Amino acid sequence: MRKKLWYLLLIGGLILFIGVSSNFVLAEGLTATEIMERVDDNEYIESARMEAKMIIEDRGRKRVNEFYSYLQGENSLSEFTNPRDRGTRYLKLGNDLWMYFPAAEDLVSISGHMMRDGMMGSDFSYEDSVESQQLSELYHFELKGEEIINGGETYVILATAREGEDVSYYQRKIWVDQERFVMLRGEYFSTSGRLLKEMEVKEVQEFRDGRYFPIEVVMNDKLRQGSRTTMKVTEIDFDYDIPEGKISLETLN
Amino acid sequence: MYLFKIAARNLFRRKKRMFIISSILALAVITFLLIDSFMIGMMDLSFGNVIDFETPHIEIGREEFFIQADDGQELPLEETFIPEKYMLEEIKASDGFLAVTPVLDFSASFIAGREEFPVLVRSIETDSFGGVFKNEDYLVEGEFVEAGDSGVVIGNQMAEFFDLEIGDFYTLRFQDKNGYFSTIEGEVRGITTTPHPQMNMGVVFVARDYAVSRLGVEEDNISQLMVRVENRDLALSSAQSLANKFKNTDYQVRSYRDASEMLVSLEAWGYLETYFILALILIVGAIGIINTIVLSALERIEEIGMMKAMGLKVNQIVRVFLLEAAGIGVIGGLVGCIISALINHFFVNYGLDLDLYLDAESMGLPISGRLYGVWNASSFLLIFILVILIALIASIIPSYWAARKDPVDAIHHR
């Protein structure tokens, strides 16, 4: 009997050890990677047409930019519709980004230091907008625990960039809603561990196919004092059939 | 001598006309010499500032690094290298060698408060940097960068733009060698005011040993080896000799002129512009001389007939007119050179406040403040000879026209 008890303790201890040491701590039977894959299922957009508002608050001033986007995997085409920026378009093809200014009828390739700048002066950098792959392809994940955010339980996951993948943030700390599998909060860190950006999801909406998608996100660049940007999706049509050639340099011109 | 006497007498017969034409030539001389002095002074100062603050006499780095830097792209951290011993030995053995210092340049965004600005960060070896560059001499506040220190030294324009003082906090945001966002943070340690405007706004100095830990590169990696030699002439020959030695390697050796292609082009354009202005004024002068010779031939048509009747040959009469034209050239050239020398004396000693007259920075020139002229004896000699030559050439055809008059027709001119 005593021997059996020892065996049970030993097996139990081994399971716990393996689980902890390889970060395969089970959360309702899911690993950190599986959690993030379910997040990707919700948040990664294969194809969609989206209308949104970008509310930029900086130095006490508030600016609202409205735009619509066609999104298809790693490619997208966005056009601003608010009076001040009407006709300004962004085209993203893989990791390349172009901007079209209607007043000057000028096409600009965004590269170099511009990629670090805030998109239209927002807290989202152009570099952020280029990262459109599934997170589970870009990062290794580690389940760090559980926390309650706004009364809801979340998994706290530490994402560390996979070697060789083209990502901007070496580490991210992500809070995932345990019920809906969407990110509720995110902290983006530099290689030296400095907090660079903070993302908070204000509203999540359930769509027809049972998919949950964050429709109001607040991004805060921690290196710029007193600024924050809210991205509000006003309309989104998943699996939208985008006409061929719509997301191209020809259309941008 | 006889012909020379006639020419000299004729020259002063129509003093007003001679004075006007000589004045035009003198104006050409003055314009050329002053622009020349201004141009040489400006280029001298520009190259001097480039050498003292930006790129010294010689720089050595990977070819791809320079390609991307010249293209205005982000400086590639993957093109950094660890200098090999033989390289340093070759550099130290080059003609006129004075000092060498390694630097690790990279692109970043300088952030302070709510503002952000793209800058070039120059991470330096504090011990050897002063031997090659003069930035430290232009420190107006605080201290210069020290080894292991997280502080930075910035230019006065950047300090004004960000409203920064010594001890204020800064952050540098950049992408490390692996493409991840990284930061360097600390306090502003010093502020410099150099005569090179770009260094006052777009460049930040940080200790290399501090920066390297955040860049994702190996500890000893650098982007360029910066070399100072005794003078600019030696720099060109030493750069060529080092380039031959590193011919079959990945490294490129550049002189300060190679690194300042824009400045070299600007210099060429500047000279072209000077010679164009000179040509325009000389054309006016030449037309004046043709006019003078034709008029003086018409006035002296009977004299010419008489001279021919007395046995003077066409060539001798032509020589009289040519000597007269050359005289105008000599007077114009001499007066121009003397007035230019007087004006240039003030220009050389007191200079011009550039900021009052032109925005050198917007023209892409690395200069600000006072610009001084330069004495260039060869330019004085060149323009003096050129003015006489132009006067001579311009008078050849009208002189022949005058000398070929039939003596009988000439005498019965009236």
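Reading the values: the criteria
Residues numbered from 1 in each chain as written. Chains lettered and ligands numbered in written order. Predicted model: local features only at pLDDT ≥ 70, side-chain atom pairs only at ≥ 80, totals over all residues. Helix = DSSP H or I, 4+ residues; strand = E, 2+ residues; numbered from the N terminus. Rg over C-alpha atoms; globule rule 2.2 N^0.38 Å. Buried ≥ 20, exposed ≤ 12 C-beta atoms within 10 Å, placed from the backbone. Contact = placed C-beta atoms within 7 Å. Domains from an automatic or database assignment. Nonpolar A, V, L, I, M, F, W, Y, C, P; charged D, E, K, R; others polar. Axes fitted to C-alpha atoms, helices over the stretch in contact; angles between N-to-C directions. Parallel < 35°, antiparallel > 145°, perpendicular 65-115°, else oblique.

Asks: How do you make sense of the overall build of chain B when you look at a structure like this?
Replies: Across its full length, chain B holds 16 helices and 12 strands. Computed over its C-alpha atoms, the radius of gyration of chain B comes to 31 Å, more than 25% above the 22 Å expected for a compact globule of 414 residues. Projected onto its principal axes, the C-alpha coordinates of chain B cover approximately 100 × 50 × 30 Å. Looking at the 414 residues of chain B, the share that counts as buried comes to 43%. The long-range share in chain B, meaning contacts at least 24 apart out of those at least 6 apart in sequence, stands at 82%.

Asks: I tried to follow the overall build of chain A on my own but got confused; where do I start?
Replies: Scanning chain A for helices and strands turns up 5 helices and 13 strands. Across the 253 residues in chain A, those meeting the buried criterion constitute 29%. Restricting to contacts in chain A with at least 6 residues of sequence separation, those with at least 24 account for 45%.

Asks: Is there a simple way to think about the environment of Ala325(B) in this case?
Replies: Residues and elements named next belong to chain B. Assignment of secondary structure puts Ala325 in helix H13 (residues 314-350). As for Ala325 and Lys313, which are separated by 12 residues in sequence, their C-alpha atoms are 19 Å apart. Setting aside anything within four residues of it in sequence, one finds Ala325 in contact with Ile289, Ile293, Ala391, Leu392, Ala394 and Ser395.

Asks: What exactly am I supposed to notice about the domain arrangement of chain B here?
Replies: Reports often express the size of an interface as the amount of accessible area lost when the parts come together. Residue and element names in this part refer to chain B. Examined at the domain level, chain B breaks down into domain 1 (2-49 + 264-411) and domain 2 (56-259). On a C-alpha basis, the centres of domain 1 and domain 2 stand 49 Å from each other. Facing the 8 residues of domain 1 at the interface are 6 residues of domain 2. Split by residue class, the side of domain 1 that touches domain 2 holds 4 nonpolar, 3 polar and 1 charged.

Asks: Got a minute to help me understand the environment of Ile393(B) in this structure?
Replies: With respect to the helices and strands, the residue Ile393(B) is situated in helix H15 (residues 377-403). Sequence spacing of Ile393(B) and Glu218(B) is 175 residues, and the spatial spacing of their C-alpha atoms is 69 Å.

Asks: Help me understand the interface of chain A and chain B, please; the structure alone is not making it clear to me.
Replies: With 20 residues of chain A at the interface, the matching set in chain B holds 19 residues. Classifying every residue of the side of chain A that touches chain B by side-chain character gives 6 nonpolar, 9 polar and 5 charged.

Asks: Would you mind showing me how to read the packing of helix H2 (residues 15-54) of chain B against helix H11 (residues 261-299) of chain B here?
Replies: All names here are of chain B. It is at 9 Å that the axes of H2 and H11 come closest, and there the two elements cross at 175°. Regarding the angle of H2 to H11, the classification is roughly antiparallel. Its residues placed into classes, the contact of H2 with H11 shows 19 nonpolar, 7 polar and 3 charged.

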